[in-house]
Every structure is written in C-alpha cells, then in structure tokens.
Amino acid sequence: MAKICPVCNQKIGLLMKSKVSDGEICSSCASICSAHATKTLNDIHTYWNTNKERENIFSPTQKLKSLMSEVITIDSTNNLFIFGDIDKIKTKPIFYAFNEVDSYEFEIVGQKTVTKKKGGISRAIVGGVVAGPVGALVGSGTAKEETKTTGGTTILKVNFITHTGKNQRVCANAPTGFVNFLDDCITIEETVNNTTQTSISTDEIIKFKALLDQGIITQEEFNKKKKELLGL
C-alpha cells in the first residue's frame, strides 16, 4: 500500500520520498528546506504555511524569460519571486523574498579535459635522421603534451538565506536580466542591514551619552566608545 505524505496528503512514489527527523514526506514537500532531514513534520508544515501566505498575496508584475524557456516570475509590489512561469508551473512553487537572496555564482558543468601529444611524429623523424632508431625513440618520447578543456554548460547557482535556513537553486539557462535582478536584491538587503546597524549604533551612543551625563563614565571613555560604534 502506497504511503501518504503527511504534509500534502498525496501518495509518495517509491523513488520520491524524503526523510525528516520524525517520518517521511514526498520529495516535493521536502524541497522547501535543504536541511529537511534534520527538521520535524511540524517544521515542514510551518514552512509551507508561510509559503502559502506568500502565494496568497503574490501578484505578478514582470516575467524574465530565456531562449531555453527558463522563466522567473516577479512580484515587485510584495518583493517576491519564483522560479518558473506562475501561469504554467505544475509543481508547487517556492516563493522567495527579495531580501532572502544572499549571493550567486556561476559554474561550468560537463567540461572534458583532453590531453594530446603535439609534435611527436616530426620529432621522431628528425631524431631518426640525426641518431638512428634510438634518436627516433627519444624524439617520439619528448613530444610536448597539450591539455585543454572543451565543452561544458554554464549554470547559475543562487544562494538564499530564508525562514527555512540556507537554500540553493540552480538555474541552467538564466533569463536575460536575471543577474541584474539578483544584484538589485543583494543591494536591497545590504542597504537594509546598513540602516539597521546605523539605528543600533545610534541607540547605543544615546545610552552611553546618558552614562556620561550621569558621571558613570568619563568623556574619554564616551569618545572611545562612540568611535567604536561609528566604525571610526
């Protein structure tokens, strides 16, 4: 009898099951979290509930497309996006927030390393003329080796830090404009972090100024702490 996924209530195929710390779920439900094996069923339920909340407010404003049918659907109003065409996607999409993009990298897969000898025949002929059979043998053995890599496909790996932890998505044929979009997402996150840090630093300075006014710390101690907080 086929098992039923306790998250989506669908049948789990023989080769489509994944383990969590307290049971088994379908691979589709496990895709929400890279570290699903260490999570509980309740954790996975919570992650998908959050994803459902994002789905309910998702309103597409733009689609980035590649020549190879790779599509990224973006909701600039709610700062969310998915991998795939929201109107055609058949599997459960995962909705990512702009500020969850941590980094990205390019990788070439499927390359082959080819090594061949260059000049072995001509060296053998010259060696044979100069020193007979022994020279030909030496000439052949001293041929230069030439190594090069050929083929391969460049893929884009996008790294996220989400409410479920660290995740990575692979984009085999990145749509035009997607890298620029990722750069904008990373810039947004850096700006938010810098603004938050500035706010924290200001609050800390105010606290230490109060200590100075109360005579608890000296002016020299206050100035030193202020420089530390401002990164001066």
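The paragraphs below set out a description of the structure included in this document. (Residues numbered from 1 in each chain as written. Predicted model: local features only at pLDDT ≥ 70, side-chain atom pairs only at ≥ 80, totals over all residues. Heavy atoms only, no water.)

1. Points about the pattern of salt bridges
If charged atoms from side chains of opposite charge come close, those side chains can pair.
Next, step 1: Applying the stated rule across the entire model yields six salt bridges.
Next, step 2: With a shortest N-O distance of 3.0 Å, Lys3 and Glu24 are connected by a salt bridge. Here Lys3 is found in strand S1 (residues 3-4), whereas its partner Glu24 is found in strand S4 (residues 23-26), with 21 residues between them in sequence.
Next, step 3: In this structure Lys3 comes out as partly exposed when scored by relative accessible area, which is 48%.
Next, step 4: Here Glu100 makes a salt bridge to Arg54, at a shortest N to O gap of 2.8 Å. A residue pair is termed long-range when its members are at least 10 positions apart, and Glu100 in the loop between strand S8 (96-97) and strand S9 (101-109) and Arg54 in helix H2 (residues 41-57) qualify at 46 residues.
Next, step 5: A relative accessible area of 7% places Glu100 in the buried class.
Next, step 6: The class of Arg54 is buried, set by a relative accessible area of 15%. (Salt bridge = Lys/Arg side-chain N within 4 Å of Asp/Glu carboxyl O. Helix = DSSP H or I, 4+ residues; strand = E, 2+ residues; numbered from the N terminus. Buried < 20%, exposed > 50% of the residue type's maximum accessible area, 1.4 Å probe, protein only.)

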